[in-house]
Every structure is written in C-alpha cells, then in structure tokens.
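Secondary and tertiary structure notes
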Amino acid sequence: MRLVLVGPPGAGKGTQAQFIAEHLQVPKISTGDIFRANVSEGTALGVAAKAFMDRGDLVPDDVTVDMVRDRLVQDDALGGFLLDGFPRTVPQAQTLDDVLRDSADAALDVVLELVVDDDEVIRRLSGRRTCRTCNHIWHVDFDPPEVEGVCDRDRGELYQREDDKAETVANRLSVYAEQTSPLVSFYAERGLLVGIDATGPVDDITARALGALRPFAAARTGE
Ligand SMILES: [Zn+2]
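A few points on the structure. Predicted model, so just to flag it, every value in this text is computed and none were measured.

A look at the packing of helix α5 (residues 90–104) against helix α7 (residues 166–189)
Viewed as axis vectors pointing N to C, α5 and α7 meet at an angle of 45 degrees, and their least axial separation amounts to 9 Å. As judged from the angle between their axes, α5 and α7 are oblique. Of the residues in α7, those in contact with Val90, Ala93, Gln94, Leu96 and Asp97 of α5 are Pro182, Leu183, Phe186 and Tyr187.

Quick notes on the nonpolar core
A general feature of soluble globular proteins is that nonpolar side chains tend to end up buried together. One finds Leu83, Leu96, Leu108 and Tyr187 to be the most contacted residues of the largest nonpolar core, which totals 26 residues. Residue assignment for this core shows that the elements contributing at least two residues are β1 (2–6), α2 (31–40), α4 (61–72), β3 (81–84), α5 and α7. In terms of residues, this core owes the most to one element, α4, which gives five residues. Discounting chain neighbours no more than four positions away, the residues touching Leu96 are Val4, Leu72, Leu83, Phe86, Pro87, Leu108 and Tyr187. Formed by 25 residues, the second largest nonpolar core is a distinct cluster that contains Leu82, Leu112, Ala198 and Leu213.

Brief notes about the sheet that holds strand β7 (residues 158–159)
If you trace the three strands from one edge of the open sheet to the other, you get β6-β5-β7, paired in antiparallel fashion. Single-partner strands in this sheet number two, and they are β6 (137–139) and β7. In this structure, strand β5 (residues 128–131) lies alongside β6, joined through three bridges in antiparallel fashion. Looking at β6, one finds that Arg129 is bridged to Trp138. Sitting on the sheet, helix α6 (residues 118–126) touches β5 and β6, and the angle it makes with β5 is about 30 degrees.

Here we look at the side chain of Arg71
Summarising the element assignment, Arg71 is placed in helix α4. On the basis of relative accessible area, Arg71 is assigned to the buried category, the value being 18%. Polar side-chain contacts of Arg71 include one of 2.8 Å to the side chain of Asp76. In contact with Arg71, other than residues within four places in its own chain, are Pro27, Ile29, Ile34, Asp76 and Ala77.

Quick look at unusual backbone geometry
The step from Phe86 to Pro87 runs through a cis peptide bond, and the omega angle for that step is -5 degrees. Mapped onto the elements of the fold, Pro87 is located in the loop between β3 and α5. Positive phi is not limited to glycine here, since Gln25 has a value of about 55 degrees. Structurally, Gln25 can be placed in the loop between α1 (13–24) and β2 (28–30). The backbone of Arg155 shows a phi angle near 60 degrees, a positive value even though the residue is not glycine. Tracing the sequence through the fold places Arg155 in the loop between β6 and β7. Of the residues examined, Arg155 reaches a relative accessible area of 52% and is grouped as exposed.

Points about the environment of Cys131
With respect to the element layout, Cys131 can be found in strand β5. For Cys131, a relative accessible area of 0% puts it in the buried group. Each C-alpha atom of the pair Cys131 and Asp152 lies 9.5 Å from the other, and the pair is 21 residues apart in sequence. Residues within four places of Cys131 in sequence aside, it is in contact with His136, Cys151, Asp154, Gly156, Glu157, Leu158 and Tyr159.

Criteria and thresholds
Residues numbered from 1 in each chain as written. Predicted model: local features only at pLDDT ≥ 70, side-chain atom pairs only at ≥ 80, totals over all residues. Heavy atoms only, no water. Axes fitted to C-alpha atoms, helices over the stretch in contact; angles between N-to-C directions. Helix = DSSP H or I, 4+ residues; strand = E, 2+ residues; numbered from the N terminus. Parallel < 35°, antiparallel > 145°, perpendicular 65-115°, else oblique. Contact = heavy atoms within 4.5 Å. Core = buried A, V, L, I, M, F, W, Y, C linked by side-chain atoms within 4.5 Å. Buried < 20%, exposed > 50% of the residue type's maximum accessible area, 1.4 Å probe, protein only. Pairing = 2+ DSSP bridges. Polar contact = N/O pair within 3.5 Å; in protein donor to acceptor, adjacent residues only side chain to side chain.

By themselves, these figures tell us nothing about what the structure is for.
Here it is in structure tokens:
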C-alpha cells in the first residue's frame, strides 16, 4: 500500500506513522528522518534545511524533493510505503505523482489525515521538554519528569526546542493552514482522502486509522 499521512504539527504523525507502517508492513519514510540525517552529517542540503526549520518555515521544495526522490526509488519502497511529512504542498503532490509513475508505474492508494484543532496542538507542543543528553521528550502536563527541568533517565538538562516554542508553533500552524491545507482539497477531489479524529489515547487513534484504511487495503487485495 502506498500511503501518505498528513496533519498539523503536533498531531502525533510520527507515532502513528510507526504503528501504521508496522501493521501494513511497509517502510515508514519520514522527511524529518531524512532531514535530520542530512543535518547531523552537515551536508550543504542539511545546513540549508536547518535554517528554515529553526524558524518554523518549510524547507524549499527543490531541496525536499531531491531527498525524497532518492529515498522512494530504493528497493524497500518499491512495493509500498508510508510517507510522513511529504508532500506538504500541491506542487510537491504533483511531483510525487510523477516520481511514482516514472519509477514504479504506480500511484498513491490513500491519504490519511489526522485531524486535531489548533488549541490542542499548541497545548501538546509548547509543553514539550527535550533532554540535552538523550533527546528523550518529556511533557510538562502529560509526561512530566520527577524533577522539573531534569531528565529521569540520565539527569540531563531539559530544554524547549526552538520548534516547540509557542511563537514558533503558531507560525508553523499558520504555515500549515496556508500551504498544506490545499493538499487536503487536492486529494479529496481525487477520492483519496480519509480523515480521522486524532485526539485521545494513542492506541485508540491507531485503531481508528487502521479501520479507516481497511477499505483501501481491501481494494488493493482485490486488484
Ligand atoms: Zn535524558
């Protein structure tokens, strides 16, 4: 199954992507992972991408597209995948169509949208605190450490990532509304979109997602 996951920052896409990909037995391909690899290796692409991400802005299309194209033509992705973080814009979606057609004579099967409102996103993200030592993420309300500002695992100092500051979150949400929401219309018009409520316990959201995807998986089996 070729699946794209969309939703605002803070919708829990990373977590759901992992569970859904495991269940469907396809590789999870996240632009976040691809970006981080480039940033930590200090590639020119990574340095450019980081400057945009730190401001809460989107990485320019040409940078992103090159990285994703390379990943999608690797062997493990030819039979199916779950894409998280791409496409984010309509032009990227059109590019994805071209890449799939050219590399695998294939098309997307379904786009799953995680729906969460802005207030909930701000509450989730601005409460996050990351450990400088092990990078574990705590949350001041949902998963607080025993001692404020200190990691339970290794006593590392906790800090608020640039991405998680309230001002940056607000910027990311307006960027999302402006540039990514048209994607939802684009895919809805093609009959590829299915939306689920992404609030509540993680397991419930996964169950909802798998239930929503079942008809699309069945359609593929029947091919
Ligand atoms: Zn730690």
